[in-house]
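# Examining the three-dimensional arrangement
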Amino acid sequence: MQDTEESPAAAAPPGAQGPAEQPERPDAPAPPAEPPQLQPPEQEEDEKEDEEREGGGESQAPPEPPEEPEQPRPPSGRQSPAQAEPQPGSEPEAGAEPGAAQEDGEAAPAGPAEPEDEISFSDPEDFVDDISDEELLGDILKDQPQEADGIDSVIVVDNVPQVGPDRLEKLKNVIHKIFSKFGKIINEFYPEADGKTKGYIFLEYMSPSHAVDAVKNADGYKLDKQHTFRVNLFTDFDKYMTISDEWEIPEKQPFKDLGNLRYWLEDPDCRDQYSVIFESGDRTSIFWNDIKEPVQIEDRARWTETYVRWSPKGTYLATFHQRGIALWGGEKFKQIQRFSHQGVQLIDFSPCERYLVTFSPLMDTQDDPQAIIIWDILTGQKKRGFHCENSAHWPIFKWSHDGKFFARMTSDTLSIYETPSMGLLDKKSLKINGIRDFSWSPGGNIIAFWVPEDKDIPARVTLMQLPSRQEIRVRNLFNVVDCKLHWQKNGDYLCVKVDRTPKGTQGVVTNFEIFRMREKQVPVDVVEMKESIIAFAWEPNGSKFAVLHGETPRISVSFYHVKNNGKIELIKTFDKQQANTIFWSPQGQFVVLAGLRSMNGALAFVDTSDCTMMNIAEHYTASDVEWDPTGRYIVTSVSWWSHKVDNAYWLWTFQGRLLQKNNKDRFCQLLWRPRPATLLSEDQIKELVERRRTMMEEFRKYRKMAQELYMEQRNERLELRGGVDTDELDSNVDDWEEETVEFFINEEIITLAEPDSTRSCAEKKFVCFPTAYINFGILNPYSCTLEGWMHQIFSILTHCIPVSLPKPFQAQDGDLYSELLETSGACRDDMPSKEEKGGNTPKEEDRDVMDSQEFTAMREEINLLLAEQHRMVALSMRRGRSPQGCQSGSL
Amino acid sequence: MFSTDKQMGYQCFVSFFDLRDPSQIENNEPYMKIPCSDSKITSAVWGPLGEFIIAGHENGELNQFSAKSGEQLSNIKEHTKQINDIQTSRDMTMFITASKDNTAKLFDCTSLKHLKTFRTERPVNSAALSPIFDHVVLGGGQEAMDVTTTSTRIGKFEARFFHLAFEEEFGRVKGHFGPINSVAFHPDGKSYSSGGEDGYVRIHYFDPQYFEFEFEA
């Protein structure tokens, strides 16, 4: 037992190594083909099982039927050894003390009688036997046949034809033929009345298990049109008799308020959550994904024994334990439900989050299928158990998109079950000879499956509508080696990747057969690929697909677009890619090509709207890539399960900008919490869009009206502003004056890293500002051009915005500052200006006159500023650019 | 035009000066004074063509006063609390109000017709209309007097961008550590500035993506 217990634990981590899509991975550990059978059941959870066990226990008790007490031994060798031993031992004892055997006297009259004649062992006349049988043969008496013994082996068959004695023998033959299939019938009884049988019979089997078998299989057997057998265990009659006639209303389960299970969707910042397992699985944490750093919500040690899974809509977090599965949710991650399944290894949620499928290799028994159990998540009840016969890939049961059906494939059959009854759809499986693979459409109850070639019959891909079982499309294919079914996420398209070996050739050729599901008759188009295919992926919510093809050193990625007319167009091919996996953003458009594991974690971020490579990066030895459910972020990680060093997860934007590097000790797995699909129906979304359109339309109408009014007022406005049009910024261009300003810049050498270039800059003493458009004190709005830059200098120098330049001025070989003061200082009252001092023209002497402290300080400041600006100009000129990065040909 | 505060027994007046007549300023004799007895004016702008002014009151009312006669042309009350700021669009056909009631509202200048509402969770101190796009930027945050008791995160001292027609927020700019008192777009629409209680004026240039960004409709 110890060994078997360890095997799941050992097997689970490698299984968990893969991402959440583990079930889809072919390398995931497949459930064993032959689960250990007939193991003694250990858990008492099923009534049936209990019953079974009772039966099993009983079979060791003496199976002698009460009707035949004179027969000391059972008629066949089927007696259990435990019982066989004490009986021979009991015989001499019985012989030695005939008194004790008095009651059995009838049973063994001859044997003990003979020796009595020769030697007298007889008791004296007055001997009183004060030893009870119980004391002497307690152990044997225990096995003494009881009246009720074997009652479990008796069945009652109703609806048996009523016949007279003449045909009784024939009836017995028929009955015997039917019922001896399940075990040897050792006794039968046909009650009679008025010379005819009563229509019901009693049959007794060798063991109760046969009786159970007979009940299971012969109940409902149709003998002929009038007679359908009803078979029951004799013991069941008691059970049915004691059922009270009044129906008791089952006690109402108190409603447990679990709080808002979708609270995380109400985050005001629209953040997403993710789960992280680290410290080699000992700790599990839940985080909010925040731009700056992850915000921890919950952190628990040993929350799970292997790995965790989110339910498809993100409501529950499932943790794995030796004894079963636990579901957590709500704001505080409280336990919501438990499912007891010993040694559970794999689980699968139905897309509607109503059912949970669990798999354990430990639990299966022949009579009570427990390898796979389907649970109701809301009530926690076991809905149905299944055997696991074949070693198919997990998930063995595939769910339809709405959770109404689930299906599994066994050799030559496809079994479709329906919920909530968990019974076979239409009570029978589909017989499909040689079925190799099947897949549900994610956008409707359509199932796709394929069967390989069989002699002259070509291979077939079939699309079948359910529950009508109508075949909506069959495609025949020749020389097929293998097929893979790829559905687009909305179910709009199906791509079947077909590997073929055309006649007369050796190599394998791959075709993509694209089924357009939304069109009448489901047209199919073919894309032929010349190279071998490494990966294929549909764009979710789109009509593009990406293909990785080529041989290892020369891998290319190609993007194709399925147009409405069915034409499949190659959009772009990128050569020489380091990639082996394709990860589409859940919203489409953006795709990350990753070279995981052997390719050292190369990452390429592609925008497929215009097919640009947005970024190329690397997360060395990355093993996993996970998009967040909104497609805003992507996480690459190095899992401890695959690589023992540098375990970390990195967060990137969808454009490939690295945001965070989160190193976690022995980090194992990161899973984003999925978001449910929008709650709005398609019509509601349409309505929303419509409302937005009308809003915009109304607003445009209003703007148009306002603009018209504005234009109407143009004349009045012109009049008010003295004929100057202020509507346009560059109106009255003619009135603008063009000035050339040249002024000397103080030489001040600031040591830079490159002294040579600095000197050359400093040698240039004049900076020529080309033109200054200054008009009515309005700052030219295009001030990021060089003119604007000059304005800035003026503003800095004079601490005010230049109002106008009154007349052309030429910088003298003298002081710049006086010029500037003259030109722009006029508008600044608190500064000493020439005019105030009474000077008319800038002269050297004037400057000396205005010798105030403020002035000197300011002057120094300005000189510094100018030198700095000068340096900038010079530097940028060297780079061939104007300071603001705009084109300026005038310099 | 300016208005005086209601304080120390003085009433709130709107005073009008004609700059063409320097004596009016020199002697501090406005050619017209409109008294506001009930609720003081907290913000005002000139209407198109300078025909009237639009004044926002402490109680959330909006009034148009004729610049010639001083009579009240129209009156509406769309805000429940004080109007902190009024700014017109570049063509002066519409204006946006920023109010303490956590909203900013867009009105037509001439008719005072309420067009749009932009809702936030904090008092709005200032709102400005983009000259080139149908965008509006709101500045505000927790009131300065409450700020010491809260962290910057709760204060929400962010400049928030809304689409004018859809009333939907599409962007936020953080940076101030006190409420934003004033926001303004550059006339070319390529940058905007915000002044905060923290004493900083922040000038933000838009990324190239801002100009490429288009709303889906």
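Residues numbered from 1 in each chain as written. Chains lettered and ligands numbered in written order. Predicted model: local features only at pLDDT ≥ 70, side-chain atom pairs only at ≥ 80, totals over all residues. Heavy atoms only, no water.

### Some points on the pattern of salt bridges
Two side chains of opposite charge can pair, provided their charged atoms sit close to one another. Residues and elements named next belong to chain A. Within this structure, the stated rule accounts for 28 salt bridges over all chains. Measuring nitrogen to oxygen at the nearest pair gives 2.7 Å for the salt bridge that ties arginine 283 to aspartate 299. With arginine 283 in strand E8 (residues 283-288) and aspartate 299 in strand E9 (residues 295-301), this pair connects stretches of sequence that are 16 residues apart. Put simply, lysine 497 and aspartate 499 hold a salt bridge, and the shortest N to O gap is 3.9 Å. (Salt bridge = Lys/Arg side-chain N within 4 Å of Asp/Glu carboxyl O. Helix = DSSP H or I, 4+ residues; strand = E, 2+ residues; numbered from the N terminus.)

### Regarding the sheet that holds strand E17 (residues 191-196) of chain B
Residues and elements named next belong to chain B. Within the open sheet, the three strands sit side by side as E16-E17-E18. Their pairing is antiparallel. In the strand order of this sheet, the two ends are held by strand E16 (180-185) and strand E18 (201-205), each with one partner. This sheet shows a mean twist of 15° between the axes of neighbouring strands, independent of strand direction. For E17 and E18, the ladder comprises five bridges, and the chain directions are antiparallel. Paired with tyrosine 192 across the two strands is histidine 204, which belongs to E18. (Pairing = 2+ DSSP bridges. Axes fitted to C-alpha atoms, helices over the stretch in contact; angles between N-to-C directions.)

### Focus on the confidence of the model for chain A
All names here are of chain A. Per-residue pLDDT for chain A averages 73, and the proportion of residues at 70 or more is 68%. Scored below 50 in pLDDT, residues 1-116 makes 120 contacts in the model with residues more than four places away or belonging to other chains. Of the regions scoring below 50 in pLDDT, residues 754-786 engages in 73 contacts with residues more than four places distant in sequence or in other chains. (pLDDT = per-residue confidence, 0-100. Contact = heavy atoms within 4.5 Å.)

### As for the interface of chain A and chain B
Taken residue by residue, the interface counts 20 residues in chain A and 27 residues in chain B. Interface of chain A and chain B: buried area, both sides summed, is about 2,100 Å²; carbon and sulfur atoms make up 56% of it. For chain A, the biggest contributors to the area lost against chain B are Arg692, Phe699 and Tyr702 of chain A; these three give 30% of the whole. Taken together, the links from chain A to chain B amount to two salt bridges. Notably, a salt bridge pairs aspartate 91 of chain B with arginine 703 of chain A, separated by 3.0 Å at the nearest N-O pair. Counting every contact that joins chain A to chain B gives six residue pairs in polar contact (both at pLDDT 80 or more). Breaking the side of chain A that touches chain B down by element, the ones donating at least two residues are helix H10 (682-712) and helix H11 (714-720) of chain A. The greatest single-element share of the side of chain A that touches chain B, amounting to 11 residues, is contributed by H10 of chain A. The class makeup of the residues in the side of chain A that touches chain B is nine nonpolar, three polar and eight charged. (Buried area = accessible area lost by both parts, 1.4 Å probe. Polar contact = N/O pair within 3.5 Å; in protein donor to acceptor, adjacent residues only side chain to side chain. Nonpolar A, V, L, I, M, F, W, Y, C, P; charged D, E, K, R; others polar.)

### Some details on the environment of glutamate 528 of chain A
Residues and elements named next belong to chain A. Turning to its location among the elements, glutamate 528 is positioned in strand E29 (residues 524-529). Judged by relative accessible area, glutamate 528 falls into the exposed class, the value being 54%. A C-alpha to C-alpha distance of 8.7 Å links glutamate 528 and glutamate 513, two positions 15 residues apart in sequence. When sequence neighbours within four positions are dropped, the list of residues in contact with glutamate 528 reads Thr510 and Asn511. (Buried < 20%, exposed > 50% of the residue type's maximum accessible area, 1.4 Å probe, protein only.)

### Quick look at the UniProt feature "repeat: WD" (unreviewed entry) in chain B
Annotation from UniProt places "repeat: WD" (unreviewed entry) at residues 76-117 and 173-203 of chain B. Taken as a whole, residues 173-203 of chain B contains 0% helix and 52% strand, while its terminal C-alpha atoms sit 11 Å from one another. (UniProt positions renumbered as here; feature names shortened; annotations may be inferred.)

### Looking at a negative patch on the surface
Residues and elements named next belong to chain A. Negative charge collects at one region of the surface, where Asp123, Asp129, Asp130, Glu134 and Glu135 lie side by side. Inspection of the secondary structure assignment puts aspartate 130 in the loop between helix H5 (110-118) and helix H6 (133-142). Among the residues examined, aspartate 130 registers a relative accessible area of 64% and is labelled exposed. (Patch = residues over 30% accessible without salt bridge, like charges linked within 9 Å, V, L, I, M, F, W, Y side chains within 5 Å. Areas by Shrake-Rupley, 256 points an atom, 1.4 Å probe, with all protein chains shown as cover. Lys, Arg positive; Asp, Glu negative; His and termini not counted. Charge placed at Lys NZ, Arg CZ, Asp CG, Glu CD.)

### Things to note about the nonpolar core
Residue and element names in this part refer to chain A. Residues Ile325, Leu327, Ile347, Leu356, Ile372, Phe397 and Phe406 are the most contacted members of the largest nonpolar core, which totals 47 residues. For this core, the secondary structure elements donating two or more residues are E8, strand E10 (308-310), strand E11 (317-321), strand E12 (324-329), strand E13 (334-340), strand E14 (346-349), strand E15 (355-359) and strand E16 (372-376). Counting residues in hydrophobic clusters, the runner-up holds 22 residues, among them Ile185, Tyr205, Ala211 and Leu233. (Core = buried A, V, L, I, M, F, W, Y, C linked by side-chain atoms within 4.5 Å.)

### Focus on the confidence of the model for chain B
Predicted confidence across chain B gives a mean pLDDT of 84, with 89% of residues reaching 70 or more. Across the assembled chains, the prediction reports ipTM 0.76 with pTM 0.54.

### Focus on the sheet that holds E14 of chain A
All names here are of chain A. Read from one edge of the open sheet, four strands run E14-E15-E16-E17, paired in antiparallel fashion. Bordering the open sheet on either side are E14 and strand E17 (382-386), each of which pairs with just one other strand. This sheet shows a mean twist of 15° between the axes of neighbouring strands, independent of strand direction. Pairing analysis gives four bridges linking E14 to E15, with the strands arranged antiparallel. Within E15, the position partnered with isoleucine 347 by the bridge is threonine 358.

### A word on helix H7 (residues 165-179) of chain A
Compared with the 21 Å implied by 1.5 Å per residue over 15 residues, the 21 Å span of H7 of chain A between its first and last C-alpha is a close match. Among the residues of H7 of chain A, those classed as buried are Leu168, Leu171, Ile175, Ile178 and Phe179 of chain A. (Expected span 1.5 Å × (residues − 1).)

### A few points about the environment of valine 591 of chain A
All names here are of chain A. You can see valine 591 is positioned in strand E35 (residues 590-595). Of the residues examined, valine 591 reaches a relative accessible area of 1% and is grouped as buried. Between the C-alpha atom of valine 591 and that of aspartate 607, which follows or precedes it by 16 residues, the distance is 6.5 Å. If we ignore the near neighbours within four places in the chain, the residues touching valine 591 are Phe559, Ile582, Phe583, Trp584, Ala604, Phe605, Val606 and Thr608.

### Considering the pairing of E15 of chain A
All names here are of chain A. In terms of burial, E15 is largely enclosed, as five of its five residues are buried. Covered by surrounding structure in E15 are Tyr355, Val357 and Phe359 together with Leu356 and Thr358, the residues of both alternating faces. Where E15 lies against E16, five bridges are found, and the strand directions are antiparallel. Within E16, the residue paired with leucine 356 across the bridge is tryptophan 375.

### Brief notes about the pairing of strand E20 (residues 413-418) of chain A
Residue and element names in this part refer to chain A. Judged by how many residues are buried, E20 sits mostly within the fold: five of six residues are covered. Relative to E20, strand E19 (residues 405-410) is paired through six bridges, and the arrangement is antiparallel. Note that in E20 the partner of alanine 407 across the bridge is isoleucine 416. Remark: two residues form the turn of the hairpin made by E19 and E20, two consecutive strands paired antiparallel; aspartate 412 in that turn has positive phi of roughly 70°. Bridge analysis of E20 against strand E21 (residues 430-431) gives two bridges, and the strand direction is antiparallel. The residue bridging threonine 413 from the neighbouring strand is lysine 431, located in E21.

### A few points about the packing of aromatic side chains
Applying the stated criterion across every chain yields a total of 56 aromatic pairs over all chains. Ring geometry for tyrosine 649 of chain A and phenylalanine 667 of chain A: centres 5.4 Å apart, planes at 35°, overall tilted. With tyrosine 649 of chain A in strand E40 (residues 648-653) and phenylalanine 667 of chain A in the loop between strand E41 (658-663) and strand E42 (669-672), the pair connects residues that are 18 residues apart, well separated along the chain. For the pair tyrosine 649 of chain A and phenylalanine 667 of chain A, a shared accessibility class is recorded, and that class is buried. Here tryptophan 650 of chain A and tryptophan 652 of chain A contribute two aromatic rings whose centre-to-centre distance is 6.1 Å and whose plane-to-plane angle is 45°, an arrangement assigned as tilted. Take tryptophan 652 of chain A: its relative accessible area is 3%, and that puts it in the buried class. Taken together, the ring pairs connect Phe133, Phe161, Phe170, Phe185, Tyr192, Phe206, Tyr210 and Phe211 of chain B into an aromatic cluster. The positively charged end of lysine 398 of chain A is found above the aromatic ring belonging to phenylalanine 438 of chain A, 4.5 Å away from the centroid. The lysine or arginine in question, arginine 692 of chain A, covers the ring of phenylalanine 166 of chain B, its NZ or CZ lying 4.0 Å from the ring centre. (Phe/Tyr/Trp six-rings, centres within 6.5 Å; stacked < 30°, edge-to-face > 60°. Lys NZ or Arg CZ within 6 Å of the ring centre and 35° of its normal.)

### Examining the environment of aspartate 628 of chain A
Residues and elements named next belong to chain A. Locating aspartate 628 in the fold gives a position in the loop between strand E38 (624-627) and strand E39 (633-638). The spacing of aspartate 628 and serine 585 is 43 residues in sequence and 8.2 Å in space, taken between C-alpha atoms. The residues touching aspartate 628, leaving out its near neighbours within four places in the chain, are Asp272, Pro586, Tyr633 and Trp672. Side-chain polar atoms of aspartate 628 contact the backbone nitrogen of glycine 631, separated by 2.7 Å. Polar side-chain contacts of aspartate 628 include one of 2.9 Å to the backbone nitrogen of arginine 632.

### Considering unusual backbone geometry
Following threonine 419 of chain A, the chain continues into proline 420 of chain A via a peptide bond in cis, with omega recorded as 0°. Turning to its location among the elements, proline 420 of chain A is positioned in the loop between E20 and E21. Leucine 466 of chain A connects to proline 467 of chain A through a cis peptide bond whose omega is 0°. Within the secondary structure, proline 467 of chain A sits in the loop between strand E24 (459-465) and strand E25 (470-477). Phi angles above zero are rare outside glycine, and leucine 112 of chain B is one such case at about 55°. In this structure, leucine 112 of chain B sits in the loop between strand E10 (103-108) and strand E11 (114-119). Among the residues examined, leucine 112 of chain B registers a relative accessible area of 3% and is labelled buried.

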